[in-house]
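# Residue-level structural notes
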Amino acid sequence: MAPHDWLVRPLSRVAPVKGSSVVVFVMRRFAVAIPLLLIISFGVFALVHIAPGDPVRSLLGARASDPATLAAIRERYHLNDPLLVQYFKWLSQVVQGDLGVSIQGNRAVTSTIADRLPVTVFLSLMSTVLVLGVGIALGAVAAFRRDTRLDRAVVMFGVVGISSPAFVTGIFLLYVFGSLLHWFPIFGPGTGFLDRAWHLTLPALALAISVMAIVVKITRAAMIEELDRDYVTFARARGLSSRRITFAYVLRNALIPVVTAAGLIVVGIVAGAIYVEVTFSLPGLGALTVDAVQKRDIPTIQGTTLLFSVFVVLVNLAIDVTYTLIDPRIRFGRVES
């Protein structure tokens, strides 16, 4: 045992997580997730079908149509079948990897999603890095400088950020840094990694600022709580450097509540991407979903909703597994004493 291991709460005395335990836990979560995804998909399917309006009329718009044309379109998209029959036909296609054909674009939904997915993934990853990286750093700095002007400035920044919806922040950033100062592009997703990162800087900032305050607040509170614990005082008395105390002990223990909230934060970022993509006219999944809802494109709505639902399930699963990497005392389904 290292000379100073006794200073930390008993993290190192716990045996590592067995691979079989992880596999069993993941399998159990998937067993619960599959019925949940079925319920969500059927709920969305039913809501779209009972919504006012006719998807066939939305497809045709102002164009004239005869009864034969209407009947052919309804037959092609199974719109004449009962709701349950339509749902199970769609579900049988999904199991085979087919999400159907878009009513508006007459194109495979999987192909449309594949074209739009990279923009949303890139935007969400940039925002997540900003939220967790900058948020944790600001929260830690505020904790170390608590009750100072810097601490109050960080807290005020968090209050302003969480009070401003992502689309409002996006419009402000777009006007100031795009239209007035011309520092960043104001339209398009860009091509290539660097160009795309440059084009998506303002959307990522708009999306990150609105949720970063949550990470700042949680990190600050957790760090202050850890800094007041006895093991930090003992570590300082033993002559350990401030850097080792901060990164090896305090920050590690303070990350537990941050990771707990990280799942909700990432999901919130993806949900907020819908508004940001519309604000910045980005061709992502959020804009695709909004357009599909407005035009009652049922296959596209079902496809994007299913993808978002699977993402939420996978994020929560990843967060649960990450717990054990930060604090080995946590076991799947129980906490070691």
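Just above, that's the structure.
Just so we're clear, the structure is a prediction, and the values are computed from it rather than from any experiment.

## Focus on the packing of aromatic side chains
This structure, assessed with the given rule, holds 9 aromatic pairs. Taken together through their ring pairs, the aromatic side chains of Phe42, Phe45, Tyr87, Phe88 and Trp90 make up a single cluster.

## A few points about helix 7 (residues 166–180)
An ideal rise of 1.5 Å per residue puts 21 Å on 15 residues; helix 7 measures up with 20 Å between its terminal C-alpha atoms. Along its length, helix 7 shows its largest kink, about 30 degrees, at leucine 174. Of all the positions in helix 7, only Ala166, Thr169, Gly170, Leu173, Leu174, Val176 and Gly178 are classed as buried. Those residues of helix 7 that are buried are in contact with helix 9 (201–227) and helix 11 (242–279). Of the residues one or two after helix 7, histidine 182 is the one with positive phi, at around 60 degrees.

## Observations concerning helix 5 (residues 109–144)
Along its 36 residues, helix 5 runs 50 Å from first to last C-alpha, staying within 8% of the 52 Å computed at 1.5 Å per residue. The largest bend along helix 5 measures about 35 degrees and falls at arginine 116, with the proline proline 118 one to four residues further on.

## Here's the deal with the pattern of salt bridges
Counting across every chain of the model gives 2 salt bridges. The shortest N-O distance in the salt bridge between arginine 107 and aspartate 115 comes to 2.4 Å.

## Notes on unusual backbone geometry
With the exception of glycine, the majority of residues adopt a negative phi angle, and the majority of peptide bonds are in the trans configuration. Backbone geometry at aspartate 147 places phi at a positive 65 degrees, although glycine is not the residue there. Within the fold, aspartate 147 resides in the loop between helix 5 and helix 6 (149–163). Backbone geometry at histidine 182 places phi at a positive 60 degrees, although glycine is not the residue there.

## Here's the deal with a nonpolar patch on the surface
On the surface, Leu117, Val121, Leu125 and Leu307 cluster together into a nonpolar patch covering about 300 Å² of accessible area. The leading source of residues in the nonpolar patch is helix 5, at 3 residues. Within the fold, leucine 117 resides in helix 5. Among the residues examined, leucine 117 registers a relative accessible area of 31% and is labelled partly exposed.

Rules and cut-offs
Residues numbered from 1 in each chain as written. Predicted model: local features only at pLDDT ≥ 70, side-chain atom pairs only at ≥ 80, totals over all residues. Heavy atoms only, no water. Phe/Tyr/Trp six-rings, centres within 6.5 Å; stacked < 30°, edge-to-face > 60°. Helix = DSSP H or I, 4+ residues; strand = E, 2+ residues; numbered from the N terminus. Expected span 1.5 Å × (residues − 1). Bend = angle between axes of the 7 residues up to and from the residue. Buried < 20%, exposed > 50% of the residue type's maximum accessible area, 1.4 Å probe, protein only. Contact = heavy atoms within 4.5 Å. Salt bridge = Lys/Arg side-chain N within 4 Å of Asp/Glu carboxyl O. Patch = residues over 30% accessible without salt bridge, like charges linked within 9 Å, V, L, I, M, F, W, Y side chains within 5 Å. Areas by Shrake-Rupley, 256 points an atom, 1.4 Å probe, with all protein chains shown as cover.

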